[in-house]
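# Structure at a glance
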Amino acid sequence: MNMSNSSHPLSELMITACAEAWRDAGEIMVTGIGPIPRIAAGLAKHTFSPAIQITDGEAWYTSEPLPLGQSHQQPVYEGPANYDRVFSTLWSGKRHAMVTPVQIDRYGQANISVIGDHKKPRTAMLGVRGFPGNSICHPNSFFFPKHNKRVFVEGEVDFVCMAGYNPDRYPRGQMPKGLDLRLIVTELCVLDFGGTHHSIRIRSLHPGVTFDEVQDNTGFPVTCPSAPIPTTCMPTPEQLAIISQLDPEEKRKRS
Ligand SMILES: CC(=O)SCCNC(=O)CCNC(=O)[C@H](O)C(C)(C)COP(=O)(O)OP(=O)(O)OC[C@H]1O[C@@H](n2cnc3c(N)ncnc32)[C@H](O)[C@@H]1OP(=O)(O)O
Ligand SMILES: O=C(O)/C=C/CC(=O)O
């Protein structure tokens, strides 16, 4: 992508875009998995969503986001965030996670399990983990550091771990009530599920990126609004300062 006209690197732009997933989220648990979503959750808490509940990424709720790589700092713990509490919370719907699957398809079905034939996978990864339950209980968003047809696949994902808006996957086409897929942030653009029948729609293009570039790197048709497509908002000086504080070792640039 061409960001030569921009004074801000891509990682900060993507963090700022990811944080928007949780704007005005209220008192819910927020989980950002991986450096960029995690910094974004901290940014959201420090700015427009002070009530969100975040963890140390291990087993505790903390009152402030912990800077990445600063495990020697003593956080203020608010209470345990062990699996028991995490599952009670997520089943109630009061949580919004942002995750990075290895594949996603036109329905938002996402894969973190295997690539290739299930019986003899080319690559085996995490397994379905908490994706099935998460996807039918609470909102989910996605971050993809690479936007290409290997990730945004042409057909269905090789293993449906996270449920999506595919009517053929449900008895009588009845989608689960809790299914709520929100935002997709990539290196090229921001997308959502706001097209007809929840089709994936372009929401903004990062500076210097064209719609054709997004479409050429996506294995299925991307819905394009008729109005001019907005440009993804640049981070403000305040947001840049918070990002530096949340990631003093600049791990975001290696994500
Ligand atoms: C909330 C819960 O339930 S917990 C789960 C939440 N987890 C996440 O959000 C996961 C975040 N993502 C990750 O941690 C990582 O992306 C993982 C663990 C899924 C995969 O990480 P890695 O093993 O480092 O994957 P990596 O990208 O290096 O790929 C390894 C191999 O897998 C295969 N692979 C990975 N992605 C793809 C893909 N989209 N298409 C085809 N093959 C792929 C390839 O063979 C690749 O090797 P190659 O690049 O040499 O061809
Ligand atoms: O798969 C896991 O380890 C955990 C699932 C619950 C979660 O989404 O945090």
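Thresholds, definitions, all that
Residues numbered from 1 in each chain as written. Chains lettered and ligands numbered in written order. Predicted model: local features only at pLDDT ≥ 70, side-chain atom pairs only at ≥ 80, totals over all residues. Heavy atoms only, no water. Helix = DSSP H or I, 4+ residues; strand = E, 2+ residues; numbered from the N terminus. Rg over C-alpha atoms; globule rule 2.2 N^0.38 Å. Buried < 20%, exposed > 50% of the residue type's maximum accessible area, 1.4 Å probe, protein only. Contact = heavy atoms within 4.5 Å. Near = heavy atom within 4 Å. Polar contact = N/O pair within 3.5 Å; in protein donor to acceptor, adjacent residues only side chain to side chain. Areas by Shrake-Rupley, 256 points an atom, 1.4 Å probe, with all protein chains shown as cover. Axes fitted to C-alpha atoms, helices over the stretch in contact; angles between N-to-C directions. Parallel < 35°, antiparallel > 145°, perpendicular 65-115°, else oblique. Left-handed = near helix turned anticlockwise from the far one by under 90°. Nonpolar A, V, L, I, M, F, W, Y, C, P; charged D, E, K, R; others polar. Disulfide = S-S within 2.5 Å. Pairing = 2+ DSSP bridges. Core = buried A, V, L, I, M, F, W, Y, C linked by side-chain atoms within 4.5 Å.

Per an unreviewed UniProt entry, the protein chain is named Glutaconate CoA-transferase subunit B, and its organism is Sphingobium vermicomposti.

### Details of the overall build of the protein chain
For the protein chain, the helix and strand inventory stands at six helices and 13 strands. For 255 residues, the compact-globule estimate of 2.2 N^0.38 gives 18 Å, and the C-alpha radius of gyration of the protein chain, at 18 Å, lies within 12% of that figure. Dimensions of the protein chain along its principal axes, counting C-alpha atoms only, are 50 × 50 × 35 Å. Across the 255 residues in the protein chain, those meeting the buried criterion constitute 47%. Excluding contacts between residues fewer than 6 apart, the proportion of contacts in the protein chain whose partners are at least 24 apart in sequence is 63%.

### A word on the site of ligand 1
Near ligand 1, the surroundings consist of 15 residues, among which Thr 100, Val 102, Thr 123, Met 125 and Gly 130 are the closest. A distance of 3.1 Å is found between a nitrogen atom of ligand 1 and a backbone nitrogen or oxygen belonging to Arg 150. Within the complex, 60% of the 1,000 Å² of free accessible area of ligand 1 lies under protein.

### Focus: the side chain of His 96
Looking at the element boundaries, His 96 is found in strand E5 (residues 95-99). Polar contacts involving the side chain of His 96 include one to the side chain of Ser 141, which spans 2.8 Å. Aside from chain neighbours lying at most four places away, what touches His 96 is Ala 21, Trp 22, Ile 28, Met 29, Val 30, Thr 31, His 138, Pro 139, Asn 140, Ser 141 and Arg 182.

### Some points on the packing of helix H1 (residues 10-19) against helix H2 (residues 35-46)
Contact geometry of H1 with H2 gives a least axis separation of 8 Å together with a crossing angle of 60°. Between H1 and H2, the interaxial angle falls into the category oblique. For the pair H1 and H2, the crossing hand works out as right-handed. Residue-level inspection shows Ser 11, Met 14, Ile 15, Thr 16, Cys 18 and Ala 19 of H1 in contact with H2, the latter providing Ile 36, Ile 39, Ala 40, Leu 43 and Ala 44. Along the lines of polarity and charge, the residues of the contact of H1 with H2 split into nine nonpolar, two polar and no charged.

### Let's talk about the state of the cysteines
For the coordinates displayed, the defined rule picks out zero disulfides. Free of any disulfide, Cys 18 has its nearest neighbouring cysteine sulfur in Cys 189, separated by 12 Å. The cysteine Cys 161 is free of any disulfide, with Cys 137 supplying the nearest cysteine sulfur at 16 Å. What makes Cys 161 buried here is its relative accessible area of 2%.

### Re the sheet that holds strand E10 (residues 140-144)
Strand order in the open sheet formed by six strands is E1-E5-E10-E11-E12-E13, with mixed pairing between adjacent strands. The sheet is open, and its two borders are formed by strand E1 (29-32) and strand E13 (201-205), each paired with just one other strand. Across this sheet, the average inter-strand angle for adjacent strands is 15°, counted without regard to direction. In terms of strand pairing, strand E12 (residues 189-192) meets E13 through four bridges, oriented antiparallel. Paired with Leu 191 across the bridge in E13 is Ile 202. Contacts from H1 reach E5, E10, strand E11 (181-186) and E12 within the one sheet, and its direction differs from that of E11 by about 175°.

### Quick word on the site of ligand 2
Ligand 2 sits among Tyr 83, Val 86, Phe 87, Leu 90, Arg 95, Arg 129, Gly 130 and Asn 134. At 2.6 Å, a side-chain N or O of Tyr 83 approaches an oxygen atom of ligand 2. A distance of 2.9 Å is found between an oxygen atom of ligand 2 and a backbone nitrogen or oxygen belonging to Gly 130. Residues of the shell around ligand 2, tallied by class, amount to four nonpolar, two polar and two charged.

### Let's talk about the nonpolar core
The biggest cluster of nonpolar side chains holds 30 residues, and the ones touching the most others in it are Phe 142, Phe 152, Ile 184, Leu 191, Ile 202 and Val 214. Those elements that place two or more of their residues in this core are E5, E10, E11, E12, E13 and helix H5 (211-216). The contacts of Leu 191, once residues within four sequence positions are left out, are His 147, Phe 152, Arg 182, Leu 183, Ile 184, Thr 186, Ile 200, Arg 201, Ile 202, Arg 203 and Val 222. One finds Cys 18, Ala 41, Phe 48 and Leu 183 within the second-largest nonpolar core, a separate group that totals 27 residues.

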